[in-house]
2 protein chains.
Amino acid sequence: MTEQPAQTTTAGDPATARGEQTRQLIRDTAMRLFRERGYAQTTMRAIAQEAGVAVGNAYYYFGSKDHLIQEFYAQSQVEHRAAAQPVLDREEAFGPRLAGVLHAGIDVLTPSHGFAATFFKTAAEPTSPLSPFSAESSGPRQAAIDLFGEVLTGSTAKVDAELRPQLPELLWLAYMGVILYWVHDRSPGQTKTRQLIDGAVPLIDRLVVLSRLRVLRPVTRQVLDLIRTLRH
Amino acid sequence: MTEQPAQTTTAGDPATARGEQTRQLIRDTAMRLFRERGYAQTTMRAIAQEAGVAVGNAYYYFGSKDHLIQEFYAQSQVEHRAAAQPVLDREEAFGPRLAGVLHAGIDVLTPSHGFAATFFKTAAEPTSPLSPFSAESSGPRQAAIDLFGEVLTGSTAKVDAELRPQLPELLWLAYMGVILYWVHDRSPGQTKTRQLIDGAVPLIDRLVVLSRLRVLRPVTRQVLDLIRTLRH
DNA sequence: GTCGGTAGTTGAACACGTTCAAGAAGGGCG
DNA sequence: CGCCCTTCTTGAACGTGTTCAACTACCGAC
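Residues numbered from 1 in each chain as written. Chains lettered and ligands numbered in written order. Predicted model: local features only at pLDDT ≥ 70, side-chain atom pairs only at ≥ 80, totals over all residues. Heavy atoms only, no water.

A. Structural context of the protein's contact with DNA strand C. Around DNA strand C, 21 residues are found, and the nearest of them are G19, A54 and Y61 of chain A together with R45 and K65 of chain B. The sugar and phosphate moieties of DNA strand C supply 62% of its atoms located within 4 Å of the protein. M44 of chain B is positioned such that a nitrogen or oxygen atom in its backbone is 2.8 Å from a phosphate oxygen of DNA strand C. In this structure, a base oxygen belonging to DNA strand C sits 2.7 Å away from a side-chain N or O atom of R45 of chain B. Of all elements in the fold, only helix 3 (55-61) of chain A together with helix 2 (44-51) and helix 3 (55-61) of chain B reach the threshold of two or more residues within the surface near DNA strand C. If you tally residues by element for the surface near DNA strand C, the top one is helix 3 of chain A, at four residues. (Near = heavy atom within 4 Å. Polar contact = N/O pair within 3.5 Å; in protein donor to acceptor, adjacent residues only side chain to side chain. Helix = DSSP H or I, 4+ residues; strand = E, 2+ residues; numbered from the N terminus.)

Here is the structure:
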C-alpha cells in the first residue's frame, strides 16, 4: 500500500564517502546505548547528543530508528559467521555441525538478550523492511542461509537428493524458531534455549536420515511439494 | 437488553458499572476505524473524536492503544469458537475436524487481514502483555487451546496416551504457525494459507497416528520429554 | 580564486501516544 | 435536601519519532 521511496542505501558505492565516519559514529553510539539502556529507552535525541550530532543528521543516514536495528542484524550475522568458523573446521558429522552453528548464533546474541527481545517485535511486522522475510533484509538472510548450506556441504551426511536444495533454508527457518523461543526464554542464562537446541538437533538429524528411506519417500515428497508451493 | 434487574450487590461485578456503555462505544469505534484505516493510521485522537469522548477517557478504559488490540483478540476468539461449531458437529474424523477448525480461524480473521497484519508485530514482543504467550492473554489462549482439545475429544482418532494431554497445546502452536504464515501471505485471498492448512493437516494426522507405533515409541517419548522441558 | 553543485548538517516544528491534576456526575445516607 | 465518596470525564501538557527548509563544508572546473 504505502510504498517507501527508494532509499539511498549506497549498495556498492564507495565506502569512502565523506560522511562514512559520521555514519559509523552514529551506528556505534546507537548500538552502545541500545545495549546500555534498551531499545525503547534509547531516544533518537540521546543517540544524537551522545554522538555529538544533530537529530536530523541521524536521519540522514538511517531512515528511522528501526533501521538502526537492521544494522544490528547485519553486524550480528557477521559475528555469527565468524563464531561458527571453528565449529565448521572442527566437526564433520551433520548433527554436531548444526548444533555448533546454532549455539554460536545464540552465543553472539546473548549479550543483547535484554534489548534484542524488545525489538524483535519490529522484525515480526510483515510490512516492515525489517522482517527477516522482507526483500530489504535479503542480504543478511541469504548469508545466514548460506551458513546453513555450509553446515551441510562440509558434513559427511548423506541427504535425499530432492531434499538437499531445500534443506539450508529449512534449517535457517528452524534457526528462526530457536530465536523466537530464545526471545521469550526467561530462564536464567537462557539455558532452556540451549536445551531446545540439544534436544531438537538429534531429531532433525534423524529426520534427515530417515527421509532417504524408501518407505518414507511419499511423505518426503509430499512435504517437499508443500514447501515448494508455499514459497514466496 | 438495556433494562437490568435491580442491582443490589455490585460487590465485584464491574460489568454493571456505570461506564460500561462508554467502554463498548470506544471499543467498537476503535475496531471500526482499525478496519477502515488500519492500525497505525488510526490515532487515539481520532478514536476519541469519533466516539465523542475525550482522549483521556479512552485511556481510562484501555491502558494503551495496544490494549485495544487485545480486545480484538478476545472478540476474534469468540467468533472462531462459533464458526468452528458446525464443523465440530458435523465431522468425526480427526483430520477433517482439525482442517475445519483451522479454516474457520482464518475465515474469521480474513476481513481484518489488512490491519491485523500490521499489528501482529505487537503480539510478538515478549515483554508486551499482548504476546499470545503472556499471562495477560491466558484467558483467550486457554479458550483457544480448549477448542483444539475439542477437536481431539470429539474425534474417533486413537492417540498415544502420553501424547494426548500435550496435543491440544501443540495443535494451538501449529495454529499460531498458520497465523504467522497468513500474516505474511500476500497471495490473493491468502489462498496459500489455505494450501498450507490442506497440506499440513494430513501430515499432522499421519504423525499422530504413527506416534502409537512401537518402533517410534522412543522418538515419541524423546519429543514429549523435550516439550515438557521447554514448557514455561 | 571563485563559482557552482553535491554532500553533509542543523534544529525548530509537527503529529502522535500517553499522563495527570482537576473537575463533573452519580448515588448512598443522614 | 446536603454531604461525601467513588466513578467517570476532561483537555492541556509532556516526551517521543520524524520531517524539512535552510544552512555549511567540501571539491572539481574554469
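B. A look at the protein's contact with DNA strand D. Taken together, 21 residues lie near DNA strand D, and R45, Y59 and K65 of chain A together with A54 and Y61 of chain B sit nearest. Contact distances for DNA strand D include 3.3 Å between a phosphate oxygen and a side-chain N or O atom of N57 of chain B. Taking Y60 of chain B, its side chain carries an N or O atom lying 3.1 Å from a phosphate oxygen of DNA strand D. For the surface near DNA strand D, the element with the highest residue contribution is helix 3 of chain B, accounting for four residues. Grouping the amino acids of the surface near DNA strand D by side-chain chemistry returns eight nonpolar, eight polar and five charged. (Nonpolar A, V, L, I, M, F, W, Y, C, P; charged D, E, K, R; others polar.)

C. Structural view of the relation of the copies chain B and chain A. Once turned by 180° and shifted 0.0 Å along the axis, chain B lies on chain A with an RMSD of 0.1 Å. These values place the two chain copies in the arrangement generated by a two-fold rotation axis. Most of the interface of chain B is mirrored in chain A, where 100% of its interface residues are also at the interface. (Least-squares fit on C-alpha atoms with pLDDT ≥ 70 in both. Contact = heavy atoms within 4.5 Å.)

D. The arrangement of the packing of aromatic side chains in detail. Per the stated rule, a full pass over the model turns up 10 aromatic pairs over all chains. Taking the centre distance of 5.1 Å and the plane angle of 90° together, the rings of Y60 of chain B and Y61 of chain B count as edge-to-face. Residue Y61 of chain B is classed as buried on the basis of its relative accessible area, which comes to 19%. Members of the aromatic cluster, joined through ring pairs, are F34, Y39, F72 and F115 of chain A. Here the guanidinium or amino end of K65 of chain B rests over the ring plane of Y39 of chain B, the centre of that ring lying 4.4 Å away. (Phe/Tyr/Trp six-rings, centres within 6.5 Å; stacked < 30°, edge-to-face > 60°. Buried < 20%, exposed > 50% of the residue type's maximum accessible area, 1.4 Å probe, protein only. Lys NZ or Arg CZ within 6 Å of the ring centre and 35° of its normal.)

E. Main features of the interface of chain B and chain A. Between chain B and chain A, the residue contacts involve 29 residues of the former and 29 residues of the latter. When chain B packs against chain A, close to 2900 Å² is buried across both sides, 66% of that on carbon and sulfur atoms. At the junction of chain B with chain A, the criterion picks out zero salt bridges. Linking chain B with chain A are six residue pairs in polar contact (both at pLDDT 80 or more), by the criterion used here. Contributing elements (two or more residues each) for the side of chain B that touches chain A: helix 6 (113-124), helix 8 (167-184), helix 9 (191-210) and helix 10 (217-230) of chain B. Among the elements that line the side of chain B that touches chain A, the one with the most residues is helix 9 of chain B, at eight residues. Classifying every residue of the side of chain B that touches chain A gives 14 nonpolar, nine polar and six charged. (Buried area = accessible area lost by both parts, 1.4 Å probe. Salt bridge = Lys/Arg side-chain N within 4 Å of Asp/Glu carboxyl O.)

F. The packing of helix 8 of chain B against helix 9 of chain B, seen in detail. Residues and elements named next belong to chain B. The interhelical angle for the contact between helix 8 and helix 9, taken along N-to-C directions, is 155°, at an axis separation of 10 Å. With respect to helix 9, the axis of helix 8 lies roughly antiparallel. Pair helix 8 / helix 9 crosses with right-handed handedness. Residue-level contacts link L167, L171, V178, Y181 and W182 of helix 8 to K192, T193, L196, I197, I204 and V208 of helix 9. For the contact of helix 8 with helix 9, the per-class residue count stands at nine nonpolar, one polar and one charged. (Axes fitted to C-alpha atoms, helices over the stretch in contact; angles between N-to-C directions. Parallel < 35°, antiparallel > 145°, perpendicular 65-115°, else oblique. Left-handed = near helix turned anticlockwise from the far one by under 90°.)

G. Main features of the environment of R81 of chain A. All names here are of chain A. When you line up the elements, R81 lands in helix 4 (residues 65-90). Residue classification places R81 among the partly exposed residues on the basis of a relative accessible area of 23%. With 31 residues separating them in the primary sequence, R81 and S112 have C-alpha atoms 17 Å apart. Excluding residues within four positions of it along the chain, R81 makes contact with L88, L147 and E150. Side chain to side chain, R81 and E150 meet in a polar contact 2.8 Å long.

H. Expanded view of the pattern of salt bridges. Residues and elements named next belong to chain A. Tallied over the entire structure, the rule returns 24 salt bridges over all chains. E36 is the salt-bridge partner of R32, the closest N and O atoms lying 3.2 Å from each other. Note that R32 and E36 are positioned in helix 1 (residues 20-37) at a spacing of four residues, about one turn of the helix. What makes R32 partly exposed here is its relative accessible area of 36%. One salt bridge connects R90 with E91, and the closest N-O pair in it is separated by 3.3 Å. One continuous salt-bridge network, built from bridges that share partners, spans E162, R221, D225 and R228.

I. Up close: helix 1 of chain A. Residues and elements named next belong to chain A. Given a rise of 1.5 Å per residue, 18 residues ought to cover 26 Å, and the 26 Å separating the end C-alpha atoms of helix 1 matches this to within 8%. Of the residues making up helix 1, those classed as buried are I26, T29, A30, M31, L33 and F34. With its phi angle positive at about 95°, G38 sits one or two positions after the end of helix 1. (Expected span 1.5 Å × (residues − 1).)

J. Just unusual backbone geometry, in detail. With phi around 55°, Q190 of chain A is a residue other than glycine that occupies positive phi space. Counting through the fold element by element, Q190 of chain A comes out in the loop between helix 8 (167-184) and helix 9 (191-210).

K. Focus on helix 5 (residues 94-109) of chain B. Here helix 5 of chain B is 16 residues long and its end C-alpha atoms lie 23 Å apart, about the 22 Å a rise of 1.5 Å per residue gives. Within helix 5 of chain B, 14 of the 16 residues are buried, leaving the element largely enclosed by the surrounding structure.

L. Geometry of the side chain of K65 of chain A. All names here are of chain A. Checked against the element boundaries, K65 lands in helix 4. Among buried charged residues, K65 stands out as having no salt bridge; its nearest opposite-charge side chain is D66, 7.0 Å away. With residues up to four places along the chain from it excluded, the contact list for K65 reads F34, Y39, A40, T42 and M44. (Lys, Arg positive; Asp, Glu negative; His and termini not counted.)

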